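# Understanding the architecture of this molecule
Listed below, chain by chain, are the residues.
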Amino acid sequence: MLTLGSTLSSQVNPDWQTYIMLALYFIILLIIGYYGYKKATGNISEYMLGGRSIGPYVTALSAGASDMSGWMIMGLPGEVYTTGLSAAWLAIGLTIGAYINYIVVAPRLRVYTEKAGDAITLPDFFKNRLNDKANVIKIISGAIIVIFFTLYTHSGMVSGGKLFDSAFGLDYHLGLILVAIIVIAYTFFGGYLAVSLTDFFQGVIMLIAMVMVPIVTMMQLNGLDTLSQAAELKPTNLDLFKGTTVIGIISFFAWGLGYFGQPHIIVRFMSIKSVKQLATARRFGIGWMAISLLGAVGVGLVGITFINQQNVELQDPETLFILMSQVLFHPLVGGFLLAAILAAIMSTISSQLLVTSSSLTEDFYKLIRGEEAAKKHEKEFVFVGRMSVILVSIVSIAIAWSPNDTILNLVGNAWAGFGASFGPLVLLSLYWKGLSRTGAVSGMLSGAVVVILWIVFVKPLGATNDFFNLYEIVPGFLTSLIVTVVVSMFTKKPDLDVAAELKEVSDIVKNAK
């Protein structure tokens, strides 16, 4: 039996055509980055938010591609391969969560962020919404973004290093640096417009790949019987409710809660040209997402039969897609499929880098230099934004230098951190007039702390009781929500007519339908 661990090069051995396809992919990304540099980096609003002029299709695929990182092409198929169809609860929870996010958060956030001082970051919106002249909430929320996104970005770096190690037999660290250089290049120069356009391009590649691989694999194996054979190997492979526990299903499903608080996703709603275009973006984006996630689940299921027939022991399930793409397809197509993995990885890294850069620039540097300096010295702030991209990249590479966890777990930890810290606050900011600054700060911090404590101290007890395996976003989100509401009820509200603001936002959204 052939054993495949972290290196698949002995089985794969890509040829020159694969490298040409990847080189072409990198060139296209750099061209888009140059286009973004020429078109939309004249001021900080354009660099960080595209001047609120992005169309619905680019918005939809940019949100989807920045969301579905390497975990969709590598992490989710690996989880399905290991666990069976019950891992699909993750895909179900995410799809429902994303749809609700488009309905509940997107329209109001697009309108309210523009009305609230034309805020271009979440911390800026929280500050203006709560009339926080002391900038307490801006500093704390900005710090949470910088900390969790640096950890989140490092998961993408790990995916890139794994890809080059697994597919080409290159040193993991060399792959890490190559991915970082390309992403930094087009993010550094092109800003939000370049990131959005590359996300659109990468989203198309990802969709084609996730449809192509499971279908072609079934055709080359035994058609629909491929799935039956997976069930024969282990009956729970095709059972949505077996092979896991009730806590496991709740945990997978709860990933959908995270959408309300992911800055790199909801910033897309802030950048769309008009609130009227969100309905189009929603239909297009959710369709793309559902098909892509279904394909990822399909890769994991057909991969069970594929690995068995190939007589291969796959020690790292997260390299399943890489192996299938290189063994089953012509080198040119194999290069395209490797580009799809890079697309998933890079689209998320670039979005995370830009949001973190936005926070460092808008939420920290602007406090030091002052509002007047920001208006007078736009190019200086764009330059600081670019330097922030490099700084966060260097820190993320350092953390990713010695990976010690799976891609899915790395993403899951950061996803939970943002979902618990910001999710309840975003919802309450858009719908509840009783929100106070003290309540908002207390809720954010309690959510982040509970997530961290659950990961560090509670989850290790999972072997003794399955309840402790509960995904940390559940206790974190509930704690943040309860603390925010309770503390807000007993503390001073912002000195603004919030009820009138909320009604005006609601009326604009209703009239846009």
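Everything quoted here is computed from the prediction, not taken from an experiment.

Now for the overall build of the chain. When helices and strands are tallied, the chain shows 22 helices and two strands. Against the 2.2 N^0.38 benchmark of 24 Å for 513 residues, the chain shows a C-alpha radius of gyration of 22 Å, consistent with a compact globule. Dimensions of the chain, computed from C-alpha atoms along their principal axes, come out at roughly 70 × 50 × 45 Å. Across the 513 residues of the chain, 60% fall into the buried class. Restricting to contacts in the chain with at least 6 residues of sequence separation, those with at least 24 account for 85%. Total accessible area computed for the chain in this model is approximately 19,000 Å², and 66% of it derives from carbon and sulfur atoms.

Moving on, we come to unusual backbone geometry. A positive phi angle is found at Asp118, which is not glycine, with a value near 50 degrees. With respect to the helices and strands, the residue Asp118 is situated in the loop between helix H7 (106-115) and helix H8 (122-129). A residue is classified by how much of its surface remains accessible, and Asp118, at 38% relative accessible area, is partly exposed. Of note, Asn131 is a non-glycine position whose phi angle comes to about 50 degrees, a positive value. Tracing the sequence through the fold places Asn131 in the loop between H8 and helix H9 (136-168).

At a minimum axis distance of 7 Å, the contact between helix H6 (residues 88-104) and helix H12 (residues 246-253) shows a crossing angle of 35 degrees. Helix-helix and strand crossings are classified by hand; for H6 and H12 the assignment is right-handed. Across the interface between the two elements, Trp89, Leu90, Ile92, Gly93 and Ile96 from H6 touch Ile249, Phe252 and Phe253 from H12.

Attention shifts here to the packing of aromatic side chains. As enumerated under the stated definition, the model contains 13 aromatic pairs in all. Measuring from centroid to centroid gives 5.1 Å for Tyr57 and Phe284, while their planes differ by 90 degrees, and the two rings are edge-to-face. With Tyr57 in helix H4 (residues 56-67) and Phe284 in helix H14 (residues 278-309), this pair connects stretches of sequence that are 227 residues apart. Look at Trp255 and Tyr471: their rings are 5.3 Å apart centre to centre, the planes differ by 20 degrees, and that puts the pair in the stacked class. In this pair, Trp255 is assigned in the loop between H12 and helix H13 (263-271) and Tyr471 in the loop between helix H20 (437-458) and helix H21 (473-489), connecting sequence segments 216 residues apart.

The next point concerns the confidence of the model for the chain. Predicted confidence across the chain gives a mean pLDDT of 83, with 90% of residues reaching 70 or more. Least confident of the elements in the chain is strand E1 (residues 2-4), whose mean pLDDT is 38; most confident is H21, at 97.

Turning our attention to the packing of H4 against helix H16 (residues 331-369). For any two helices packed against each other, the geometry comes down to the angle between their axes and how far apart the axes lie. Two elements in contact, H4 and H16, have axes whose closest approach is 7 Å; the angle formed by their N-to-C orientations is 100 degrees. When the axes of H4 and H16 are compared, the pair comes out roughly perpendicular. Counting all contacts with H4, which are made through Ala65, Ser66 and Asp67, the residues of H16 involved are Ala344, Ser347, Thr348 and Ser351. Across the contact of H4 with H16, the residue classes break down as two nonpolar, four polar and one charged.

As a further point, take the side chain of Thr484. By the secondary structure assignment, Thr484 is in helix H21. Exposure remark for Thr484: the relative accessible area of 1% places this residue in the buried category. If we skip the residues at most four places from it in the chain, Thr484 touches Leu428, Trp432, Leu435, Gly439, Ala440 and Gly443.

The next point concerns the environment of Asp171. Positionally, Asp171 belongs in the loop between H9 and helix H10 (172-220). Taking the relative accessible area as the measure of exposure, Asp171 reaches 45% and is therefore partly exposed. Remark: the alpha-carbon pair of Asp171 and Gly161, spanning ten residues in sequence, is separated by 7.9 Å. Engagement of the side chain of Asp171 in a polar contact is seen with the backbone nitrogen of His173, the distance being 3.0 Å.

On the surface, Leu478, Leu481, Ile482, Val486, Met489 and Phe490 cluster together into a nonpolar patch covering about 620 Å² of accessible area. Counting through the fold element by element, Val486 comes out in helix H21.

Right, let's get into helix H15 (residues 320-327). H15 sits mainly inside the fold: seven of its eight residues count as buried. Listing the buried residues of H15 in full gives Leu320, Phe321, Ile322, Leu323, Met324, Ser325 and Gln326.

Glancing now at the environment of Arg108. Examined against the element boundaries, Arg108 turns out to sit in helix H7. Looking at Arg108, the relative accessible area reads 15%, which means it is buried. On a C-alpha basis, the gap between Arg108 and Leu427 in space is 9.8 Å, while along the polypeptide they are 319 residues apart. Aside from chain neighbours lying at most four places away, what touches Arg108 is Leu430, Tyr431, Leu502, Val505, Ser506 and Val509. Polar side-chain contacts of Arg108 include one of 3.4 Å to the side chain of Ser506.

It is worth spelling out the pattern of salt bridges at this point. One pass over the full model with this rule turns up six salt bridges. In this structure, Glu504 engages Lys115 in a salt bridge whose closest nitrogen and oxygen atoms are separated by 2.8 Å. Of the two residues, Glu504 sits in helix H22 (residues 498-512) while Lys115 sits in helix H7, which places them 389 residues apart along the sequence. We classify Glu504 as partly exposed; its relative accessible area is 37%.

Turning our attention to H14. Taking 1.5 Å per residue, 32 residues should reach 46 Å; H14 reaches 46 Å between its end C-alpha atoms and fits that length. Maximum bend of H14: about 30 degrees, positioned at Gly303. Directly beyond the C-terminal end of H14, a positive phi value near 55 degrees is found at Asn311.

Structurally, the position occupied by Thr226 is in helix H11 (residues 225-233). Within the structure, the side chain of Thr226 is placed 3.2 Å from the backbone nitrogen of Asn222, a separation counted as a polar contact. Those residues in contact with Thr226 that sit more than four places away from it in its chain are Met218, Leu221, Val302 and Thr305.

The rules behind these values
Numbers given to residues run from 1 along each chain, matching the order in which its sequence is written. Given that this is a predicted model, residues contribute local features only at a pLDDT of at least 70 and side-chain atom pairs are listed and counted only at 80 or more, while totals for whole chains, interfaces and linings are drawn from all residues. Excluded from the side-chain calculations are hydrogens and water; all other atoms, namely the structure's heavy atoms, are used. Helix and strand assignments follow DSSP, with helices taken as H or I runs no shorter than four residues and strands as E runs no shorter than two, numbered in order from the N terminus. Between the two quantities, the radius of gyration covers C-alpha atoms and the globule rule is 2.2 Å times the number of residues to the power 0.38. Categorising residues by exposure relies on relative accessible area from a 1.4 Å probe, with only protein chains included: less than 20% of the type maximum marks a residue as buried, more than 50% marks it as exposed, and the intermediate range marks it as partly exposed. Contacts between residues were defined by any pair of non-hydrogen atoms, one from each residue, lying within 4.5 Å. Residue exposure ignores everything except the shown protein chains as possible cover, and the areas themselves are Shrake-Rupley values with a 1.4 Å probe. A fitted line through C-alpha atoms serves as each axis, taken over the contacting stretch for helices, and the angle formed by two N-to-C directions is quoted from 0 to 180°. In this scheme the crossing of two helices becomes right-handed for a clockwise turn of the near helix relative to the far one and left-handed for an anticlockwise turn of less than a right angle. Side-chain rings of Phe, Tyr and Trp, where Trp is taken by its six-membered ring, are said to pair if the distance between their centres is within 6.5 Å; with planes under 30 degrees apart they count as stacked, over 60 as edge-to-face, and otherwise as tilted. Each residue gets a pLDDT score, which is the predictor's confidence in that residue and runs from 0 to 100. What sets the label is the angle itself: under 35 degrees gives roughly parallel, over 145 gives roughly antiparallel, 65 to 115 gives roughly perpendicular, and the rest give oblique. Here the nonpolar group is Ala, Val, Leu, Ile, Met, Phe, Trp, Tyr, Cys and Pro; Asp, Glu, Lys and Arg are the charged ones; every other residue, Gly included, is treated as polar. For the purposes of these results, a polar contact is taken to be a pair of N or O atoms within 3.5 Å, where, inside protein, one atom must be able to donate a hydrogen and its partner to accept one; residues adjacent in sequence count only when each atom of the pair is a side-chain atom. For patches, a residue must show more than 30% relative accessible area and have no salt bridge; joins then use 9 Å for like charges and 5 Å for nonpolar side chains, namely Val, Leu, Ile, Met, Phe, Trp and Tyr. What counts as a salt bridge is simple: a side-chain nitrogen of Lys or Arg found within 4 Å of a carboxyl oxygen of Asp or Glu. The span one expects for a helix is its residue count, reduced by one, times 1.5 Å. Bend, at a single residue, is the angle you get between axes fitted to the 7 residues ending at that residue and the 7 residues starting at it.

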